[in-house]
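A structural walkthrough
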Amino acid sequence: MKKQWWLLIFILFLSGCGGGEADDENGAEKSGNKLFGELLGTISEVDSYEMDVEIGVETPDGKQETTLGKVKVADFDMPEMHAVYEKMPEVVSQENTSVLEYYQAGERLVVNLGDGWTNESTEDITANDLPSVRYMDIVQLLRKIEGELDIADARNWLVYEGDSQKVFEAFSKTLSISFRDIQPESAKSRLEVRLDEKSSMMKSFYYTVTGTEKGQTETISYQLKYHRMNEVEGIDIPDEVLDEMSGTTTH
């Protein structure tokens, strides 16, 4: 008789454990969805920040190049941005440049490729041709690919790894990643986004894509680290840049 009681207790114990796991999974899923919703809500809460940018390129011949950048953004009444990059790989900028620095104020854009400031606001190049690393742009893209993400709030991060053309096309356009002969269907992406535990704001963004070009593998990675959230009061634009923006300079 005792043996039967112990067997019954053991069965009930196993049943209880199983139900607890299911509840934990459902709770994690709800919490993950809530976390993602909070991240989307931060778009309206963030209006200024600084970020560190690292762009890595591994070319088909095995050569590795790294570009480091510093970006400051103040999206108030008139959005402003200041960015300074080291040598930009050709695969990103379409041309090898020793430096890329630019100021943007509204629709006005002044660029320095190492040979002086040039007003590009009315030329072929626009702000849309430059790597867009604005906080709101990245979060809005995450909204578009929400169905592709693994939402795991245990460590406050969002991850994706696979060959989704939707993910590749979204980020390749926004980050100005240019694969000359690589088609989206041949690209494999890895995405990792880390969030602040308290505010749910995005702390870092990492995206890497690998594809084949002429039978050889090429990899590009973007790493963005956001900091000083809502602490940047504005951007000081040098007089020479303001003159170039207003068209008062002569060359």
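Residues numbered from 1 in each chain as written. Predicted model: local features only at pLDDT ≥ 70, side-chain atom pairs only at ≥ 80, totals over all residues. Heavy atoms only, no water.

Concerning the packing of helix α3 (residues 135-144) against helix α4 (residues 165-174)
- Running from amino to carboxyl end, α3 crosses α4 at an angle of 165°, the nearest separation of the two axes being 10 Å. Judged on the interaxial angle alone, α4 and α3 are roughly antiparallel. Along this stretch, α3 crosses α4, giving a crossing that reads as right-handed. On α4, the residues touching D137, L141, L142 and K144 of α3 are K166, A170, F171 and T174. (Axes fitted to C-alpha atoms, helices over the stretch in contact; angles between N-to-C directions. Helix = DSSP H or I, 4+ residues; strand = E, 2+ residues; numbered from the N terminus. Parallel < 35°, antiparallel > 145°, perpendicular 65-115°, else oblique. Left-handed = near helix turned anticlockwise from the far one by under 90°. Contact = heavy atoms within 4.5 Å.)

Description of α4
- If you check which residues of α4 are buried, you get V167, F168, A170, F171, S172 and T174.
- Where α4 begins, the side chain of S164 points an oxygen toward the backbone nitrogen of K166, at a separation of 3.3 Å. (Buried < 20%, exposed > 50% of the residue type's maximum accessible area, 1.4 Å probe, protein only. Polar contact = N/O pair within 3.5 Å; in protein donor to acceptor, adjacent residues only side chain to side chain.)

With respect to the pattern of salt bridges
- Applying the stated rule across the entire model yields eight salt bridges.
- Across the pair R228 and E50 runs a salt bridge, and its minimum N-O distance is 2.8 Å. Here R228, found in the loop between β11 (216-227) and α5 (239-246), pairs with E50, found in strand β1 (residues 48-58); they are 178 residues apart in sequence, far enough to count as distant.
- Of the residues examined, R228 reaches a relative accessible area of 35% and is grouped as partly exposed.
- Its relative accessible area of 17% is what places E50 among the buried residues.
- Residue R194 is joined to E192 by a salt bridge in which the shortest nitrogen-to-oxygen separation is 3.0 Å.
- Assessed through its relative accessible area of 16%, E192 is described here as buried. (Salt bridge = Lys/Arg side-chain N within 4 Å of Asp/Glu carboxyl O.)

Some thoughts on the confidence of the model for the protein
- Averaged over all residues, the pLDDT of the protein equals 75, while 70% of them reach at least 70.
- Ranking the helices and strands of the protein by mean pLDDT puts strand β9 (residues 188-195) first, with 91, and helix α1 (residues 2-41) last, with 51. (pLDDT = per-residue confidence, 0-100.)

Concerning the nonpolar core
- By size, the foremost hydrophobic cluster in this structure holds 49 residues, and its most contacted members are Y135, L142, F171, L191, M202 and F205.
- A74, Y103, V110 and V241 belong to the second-largest nonpolar core, a separate cluster that totals nine residues. (Core = buried A, V, L, I, M, F, W, Y, C linked by side-chain atoms within 4.5 Å.)

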